[in-house]
Amino acid sequence: MKEDDRTGSKRVLLKLSGEVLAGETGHGIDPDITGEFAEAVLDLAAAGCSVGIVTGGGNFIRGRDQISIDRITGDQMGMLATLINGLAFRDAIRKRGGRATVLSSIPVEGIFETFSPEKAEEYLSRDYVVIYAGGTGNPCLTTDTAAALRAVQTGCTRLLKGTKVNGVYDSDPAQNPEALRFETLTYDEALRLDLKVMDAAAIAICRDAGLPISVFNIWDPKNILRVFKDPSIGSLIGGMSYD
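None of the values given here were measured: they were computed from a predicted structure.

The rules we used
- Residues numbered from 1 in each chain as written.
- Predicted model: local features only at pLDDT ≥ 70, side-chain atom pairs only at ≥ 80, totals over all residues.
- Heavy atoms only, no water.
- 1 Å grid on protein atoms, 1.4 Å probe; cavity = no way out; pocket = protein on both sides within 12 Å on 5 of 7 lines; lining within 4 Å.
- Points joined across faces, edges and corners; volume = space filled by probe spheres on them.
- Helix = DSSP H or I, 4+ residues; strand = E, 2+ residues; numbered from the N terminus.
- Nonpolar A, V, L, I, M, F, W, Y, C, P; charged D, E, K, R; others polar.
- Salt bridge = Lys/Arg side-chain N within 4 Å of Asp/Glu carboxyl O.
- Buried < 20%, exposed > 50% of the residue type's maximum accessible area, 1.4 Å probe, protein only.

K.L.:
What am I meant to see in empty space enclosed by the protein here?
P.N.:
Gaps left between atoms show up when a probe the size of a water molecule is rolled over them. Under the defined criterion, the tally for this structure stands at one cavity of 30 Å³ or more. Looking at the lining of the largest cavity, the elements with two or more residues in it are strand S2 (49-55), strand S5 (129-133) and helix H5 (143-153). Residue composition of the lining of the largest cavity, by class: four nonpolar, five polar and no charged.

Written out as structure tokens, the structure is:
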């Protein structure tokens, strides 16, 4: 992996779904599972990596699933859910001896600092784990898009996208036992084949910035460090950017 030109260190952004923080319950926050992910992130930092995190909010609400709520309101509720997850993850990091902060795209005076690339750089350069909450701050854009945007804004060299399976497949492996896994593919292939691994907007942002995306199985927290060291355990979108 190439090094960040400004800091001389490896810098990545980890995208976590809200569901993984809920564990087997599927709702809310499981403190034990959240703690395991916090430890995995600290292991990544100990390996010499500067880490940013974007979490989803699906463990509390998925806006598009709320039939009685309009899309804009549902998305706003989802953005607020990511603030709760950000606080929980910050607490888990701190309890394990790490340094972490939450930067919110939505101004919440007295609880969060508001995101700016300059503020993020300040914390990342001081070896903080920086959690970006509130999505992009706009409805109709997902946390995948927020992850791609924050990764580009903060000079990341790779985006780590955790999923339920060990990479990108040509069809749903849960439905099709014959599904084939891609080891590598281009951004345009991911968009053309409509593989649903990330939103098209997120992939396009990464493509335009030349930011590779590692897609891997997040349900084993130790895979976070593994895929950082060896992207072949998952699928790599956008070429070879690692040693």
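K.L.:
Just to check I follow, could you spell out the pattern of salt bridges for this structure?
P.N.:
When the charged atoms of two side chains with opposite charge come close together, those side chains can pair. Per the counting criterion, the structure on display carries 13 salt bridges. For the salt bridge of Lys119 with Glu122, the shortest nitrogen-to-oxygen distance reads 3.5 Å. Of this pair, Lys119 and Glu122 both sit in helix H4 (residues 117-124), three residues apart, which is roughly one turn of the helix. According to the relative accessible area criterion, Lys119 is partly exposed, its value standing at 24%. A relative accessible area of 35% places Glu122 in the partly exposed class. Here the salt bridges share partners, and the residues they tie into one network are Glu113, Lys119, Glu122 and Arg126.

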